[in-house]
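The primary structure of each chain is shown beneath.
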Amino acid sequence: MPINYYIFLAVVIFCIGVIGVLTRRNAIIIFMCIELMLNAVNLLLVAFSKMHYLESVERHVVASTVGTEAQLFVFFIMVVAAAEVSVGLAIIVMMYRNTHSVDVNFLNRLKH
Amino acid sequence: MSQLVYLVPLFPLIGFLINGLGRKVMPKSLTSIVGSATILASFVVSVLIFNEVRAVGFMPVTVRLFDFIHIGTLNIPFAFQVDQLSALFLLIITGVGFLIHIYSASYMNEEAPPHYARYFAYLNLFVFSMLLLVLGSNFVILFIGWEGVGLCSYLLIGFWFTNNDYNYAARKAFIMNRIGDLAFLIGIFWILFQFGSVNYSEVFAHVQGSSPSVMTGITLLLFIGATGKSAQIPLYTWLPDAMAGPTPVSALIHAATMVTAGIYMIARSNIMYTLAPATQGVIAVIGLCTAILAATIAIQQNDIKKVLAYSTVSQLGYMFLGLGVGAYTGAVFHVMTHAFFKALLFLGAGSVIHAMGGEQDIRKMGGLKKFMPVTRWTFFIGCVAIAGIFPFSGFFSKDEILSHAYAHNPVLYVVGLLGALFTAFYMFRLYTLTFLGGFRGTHDQEHHLHESPAAITGPLIVLAILAALGGFLGIPEYIAPNAHVLEKFLSPVFASSELLVASVSPPPATEWVLTIVSLLLILGVSVWAWRKFRGYSSADAKEATGFAKILENKWYVDELYDAVIVKPLNALAGFLNNVVERLGLDGLVNGVGKAVQYGSRQIRLLQSGQVGAYILLMVIGVVVLIIVQIFL
């Protein structure tokens, strides 16, 4: 499958994520949209890694490890995202306890 | 012995340090002993050196102490030069200086011990600086002494610093000197640039090959320095104000140190001036103008010290006239005789002021002759000497300068003689008003009139003897051949100038006529002044009118300087302060601050607390960065 498809898909997912973050006020949805963006990037990383690997195979590079680094990155991002989710959800829980709402516009007291 | 020349300035320096550092703990007797003994020690060493220099075939000795500045090829040693000129000046400075120290010990006795010690410390430093000035073997050491005497004159003129007028006088002296010093410094740099050295021996050996215009430039710059230090037009106004200091200080400034520095410097670099006839012309004219101007002012002054101060300016003018017409020996001769009689006159004036309880106005004196005979007779000798009456010292030195002036240009002689007549007039006016006639002061003052103690009259007597007999060192050729001891003594110093331009003197017959005519005129004027003022009473003291008023106000030179230089400078400073500084610079600096404050107040509005807005801005930022990265 051509790499273009992956790129288009990743861009679409990323844009959905951006738009979601920008337009929605529900903290949980914003959170999910951030995850969307992260995963769009993950998708791109895996796709490019696969592409580089196939190219090196075609050029008969024996025992090629080309592209594996990108996949390692993906794992890192997943782990970090998991940690971030736990922190983020904790913040949202605290926010709900304080304001009885998950609307981010209630949080404008941050500026004080 | 001349190898030990460094001892001469060292003693006063030690005295300065002891008196300066120990001023809080030393009793007055110790202070005066330290102050005077150090100068006496210098004097003794100077006499020994002088004896050696006097010997036939003496070659100038340079004593190198250490390297003062050593950069690349430039080497300025801290070295002293002993030759006929510096040996003679050493004697004058330490000799007259010592007498003034003795005198001061008694005169300043009313001061509190710390101030008394401060006074002697300054006095010693003054002598030290002057010795450095005349001993230095290059222009830089000369300049150190040059600045040193400027500083000390400032300190001593403003000695009674609680009086604001005195502080102004001190400041005026310092600033006037600084103006001259700047030109002097530029002259030294030019010498350095031109000859690659500032040592006298090297510079004077090479001057003959340099272009006349360069020589004229350098000598003019050095001369401007001399006009500041030696009180010539246009920088002379500080000297009459310098009498704000204690009277012995005036004697020191006017006689032994400070004002003779300019004469010394030009006499020292005589070869450069001989090579620059244009500068010599300027010097002669300025000297003559100063002599006449100051003499006319002195006629109408009523302050005993002011009369003497203007007479100093006038006599210095004669010395410069002598330098200008190539009579270097005559100028140095006049420095010497002037040191004697001017120190005598100032110390005598101090004795009078002391007896009068601080009164300086000669209109309120009179008849002092029966109260203070020693002061009176010594003062009389001083008057006769400065007026130039045979056989007192002033006659010989002034005559020598004037006869050279005649040989140079008879006009210079006539104007110079006119100045000499003025001198005779104001000196005898001063003498008659002070010592003759009836007493015009208060009864209280009359009750306190007394002859001064021996520490004051002693120096007066010594100086009177010197002022009376000092002239016989320079008996002119037409009176007795080969009797001019001083000329023979100094001839090695001026030899190279003499080779270039032989000094000319008029034929003996002309000299006799000139001398007798001038002597008769001076005697006539003296008698006239005596007759005019002997019957002076307080009733005669009336407001001066017309020309006399102009003279009394010193030709309004101070006012002129004030209007032409000081006021515009003040206005410029005010403009710079009020407009450029307040509006321009302050506006700029405050404007930057205000702009930052205003900008941050506007930017602060972006922090709305709306998370959505932040994120939007972040996305916009990222997009902008991407666009910049890709398309720009």
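Residues numbered from 1 in each chain as written. Chains lettered and ligands numbered in written order. Predicted model: local features only at pLDDT ≥ 70, side-chain atom pairs only at ≥ 80, totals over all residues.

With that settled, the discussion passes to the overall build of chain A. Summing up its helical and strand segments, chain A has three helices and zero strands in all. Across chain A, helices and strands are ordered from the amino to the carboxyl terminus as α-α-α. Rg of the C-alpha trace for chain A: 19 Å, well past the compact-globule value of 13 Å for 112 residues, more than 25% over. Oriented by its inertia axes, the alpha-carbon framework of chain A measures out at about 60 × 25 × 20 Å. In chain A, which comprises 112 residues, the proportion classed as buried is 12%. Counting contacts in chain A only where the partners sit at least 6 residues apart, residues at least 24 apart contribute 53% of the total. (Helix = DSSP H or I, 4+ residues; strand = E, 2+ residues; numbered from the N terminus. Rg over C-alpha atoms; globule rule 2.2 N^0.38 Å. Buried ≥ 20, exposed ≤ 12 C-beta atoms within 10 Å, placed from the backbone. Contact = placed C-beta atoms within 7 Å.)

The subject of this paragraph is the overall build of chain B. When helices and strands are counted, chain B shows 25 helices and two strands. Taking the principal axes of the C-alpha coordinates as reference, chain B spans close to 115 × 65 × 55 Å. Within chain B, buried positions represent 50% of all 632 residues. Residue pairs in contact within chain B that sit at least 24 positions apart in sequence constitute 81% of those at least 6 positions apart.

Along any regular strand, the residues point their side chains to alternate faces of the sheet. Residue and element names in this part refer to chain B. Of all eleven residues that make up strand β1 (residues 61-71), zero are buried, and the element is exposed over most of its length. By the bridge criterion, nine bridges tie β1 to strand β2 (residues 74-82) in an arrangement that is antiparallel. The partner of Ile71 across the bridge, within β2, is Leu74. Count of turn residues in the β1/β2 antiparallel hairpin: two residues, of which Gly72 carries a positive phi of about 55 degrees. (Pairing = 2+ DSSP bridges.)

As assigned here, chain B comprises domain 1 (1-137), domain 2 (163-364 + 372-540) and domain 3 (561-631). The C-alpha centroid of domain 3 of chain B is placed 63 Å from the C-alpha centroid of domain 2 of chain B. (Domains from an automatic or database assignment.)

Moving on to helix α16 (residues 373-387) of chain B. All names here are of chain B. The first and last C-alpha atoms of α16 sit 21 Å apart over 15 residues, in line with the 21 Å expected at 1.5 Å per residue. Within α16, eleven of the 15 residues are buried, leaving the element largely enclosed by the surrounding structure. For α16, the complete set of buried residues consists of Thr375, Arg376, Thr378, Phe379, Ile381, Gly382, Cys383, Val384, Ala385, Ile386 and Ala387. Tucked into the core, α16 has its buried residues touching α14 (304-324), α15 (328-355), α17 (393-408), α18 (410-435), α20 (454-469) and α22 (508-534). A positive backbone phi angle near 85 degrees is found at Gly388, which sits one or two residues after α16. (Expected span 1.5 Å × (residues − 1).)

So, about unusual backbone geometry. Put simply, B:Ile233 and B:Pro234 share a cis peptide bond, and its omega is 5 degrees. Of the consecutive residues B:Phe390 and B:Pro391, the connecting peptide bond is found in the cis state with omega at 0 degrees. Along the polypeptide, B:Pro391 turns up in the loop between α16 and α17. One non-glycine residue, A:His100, lies in the positive phi region at around 55 degrees. In this fold, A:His100 is placed in the segment after α3 (68-99). Classification of A:His100 by C-beta neighbours within 10 Å gives exposed; the count is 9.

Take the environment of B:Phe340 next. All names here are of chain B. Within the secondary structure layout, Phe340 lies in helix α15. The sequence separation of Phe340 and Ala251 amounts to 89 residues, and the corresponding C-alpha distance is 9.9 Å. In this view, Phe340 contacts Ser393, Leu463, Leu466, Ala467 and Gly470; residues no more than four positions away in its chain are not counted.

Glancing now at the environment of B:Leu156. Residues and elements named next belong to chain B. Of note, Leu156 is situated in helix α5 (residues 139-157). The class of Leu156 is buried, set by 26 C-beta atoms lying within 10 Å. Remark: the alpha-carbon pair of Leu156 and Gly245, spanning 89 residues in sequence, is separated by 5.8 Å. In this view, Leu156 contacts Tyr122, Phe126, Gly245 and Val249; residues no more than four positions away in its chain are not counted.

What follows covers the nonpolar core. Within the largest apolar cluster, 196 residues are counted, with the highest numbers of intra-cluster contacts made by B:Ala343 and B:Ala467. Each of domain 1 (1-137) and domain 2 (163-364 + 372-540) of chain B gives at least three residues to this core. Setting aside residues up to four positions removed in sequence, B:Ala343 forms contacts with B:Val96, B:Leu99, B:Ile100, B:Ala251, B:Ala255, B:Ala256 and B:Leu463. Formed by seven residues, the second largest nonpolar core is a distinct cluster that contains A:Ala27, A:Phe31, A:Cys33 and A:Val104. (Core = buried A, V, L, I, M, F, W, Y, C linked by C-beta atoms within 7 Å.)

So, on to helix α1 (residues 3-23) of chain A. Helix length check: α1(A), at 21 residues, gives a terminal C-alpha distance of 30 Å against a target of 30 Å (1.5 Å per residue), a fit within 8%. Taken residue by residue, α1(A) has A:Ala10, A:Ile13, A:Gly17, A:Val18 and A:Val21 as its buried positions. Relative to the axis of α1(A), the buried residues are bounded by an arc of 140 degrees and lie together on one face. Those residues of α1(A) that are exposed and aimed more than 90 degrees away from the buried face are A:Asn4, A:Tyr5, A:Phe8, A:Val11, A:Val12 and A:Thr23. The inward-facing, buried residues of α1(A) contact α2 (27-58) of chain A together with α25 (611-631) of chain B. (Arc of directions from axis to C-beta.)

Glancing now at the packing of helix α1 (residues 7-21) of chain B against helix α4 (residues 113-135) of chain B. All names here are of chain B. Two elements in contact, α1 and α4, have axes separated by 8 Å at closest approach and are oriented at 160 degrees. What the angle tells us is that α1 and α4 run roughly antiparallel. Once α1 is placed against α4, the crossing between them reads as left-handed. Listed contacts from α4 to Val8, Pro9, Pro12, Leu13, Gly15, Phe16, Asn19 and Gly20 of α1 are Ala117, Phe120, Ala121, Asn124, Leu125, Val127, Phe128, Leu131, Leu132 and Leu135. Class assignment of the residues belonging to the contact of α1 with α4 gives a composition of 14 nonpolar, four polar and no charged. (Axes fitted to C-alpha atoms, helices over the stretch in contact; angles between N-to-C directions. Parallel < 35°, antiparallel > 145°, perpendicular 65-115°, else oblique. Left-handed = near helix turned anticlockwise from the far one by under 90°. Nonpolar A, V, L, I, M, F, W, Y, C, P; charged D, E, K, R; others polar.)

Residue and element names in this part refer to chain B. Here helix α13 (residues 277-299) crosses α14 at 160 degrees, and the two axes come no closer than 7 Å. Considering the angle they form, α13 stands roughly antiparallel to α14. The way α13 lies across α14 gives a crossing that is left-handed. Each residue belonging to the contact of α13 with α14 can be placed in one class, and the counts come to 17 nonpolar, eight polar and no charged.

Turning next to the environment of B:Phe80. Tracing the chain through its elements places B:Phe80 in strand β2. Measuring from C-alpha to C-alpha, the distance between B:Phe80 and B:Leu65 comes to 7.8 Å, with 15 residues separating the pair along the chain.

Before going further, it helps to spend a moment on the confidence of the model for chain B. All names here are of chain B. When pLDDT is averaged along chain B, the result is 89, and 99% of the positions lie at 70 or above. At the low end of the mean pLDDT range in chain B sits helix α23 (residues 546-552), at 79; at the high end sits α1, at 93. Reported confidence for the predicted complex is 0.77 by ipTM and 0.80 by pTM. (pLDDT = per-residue confidence, 0-100.)

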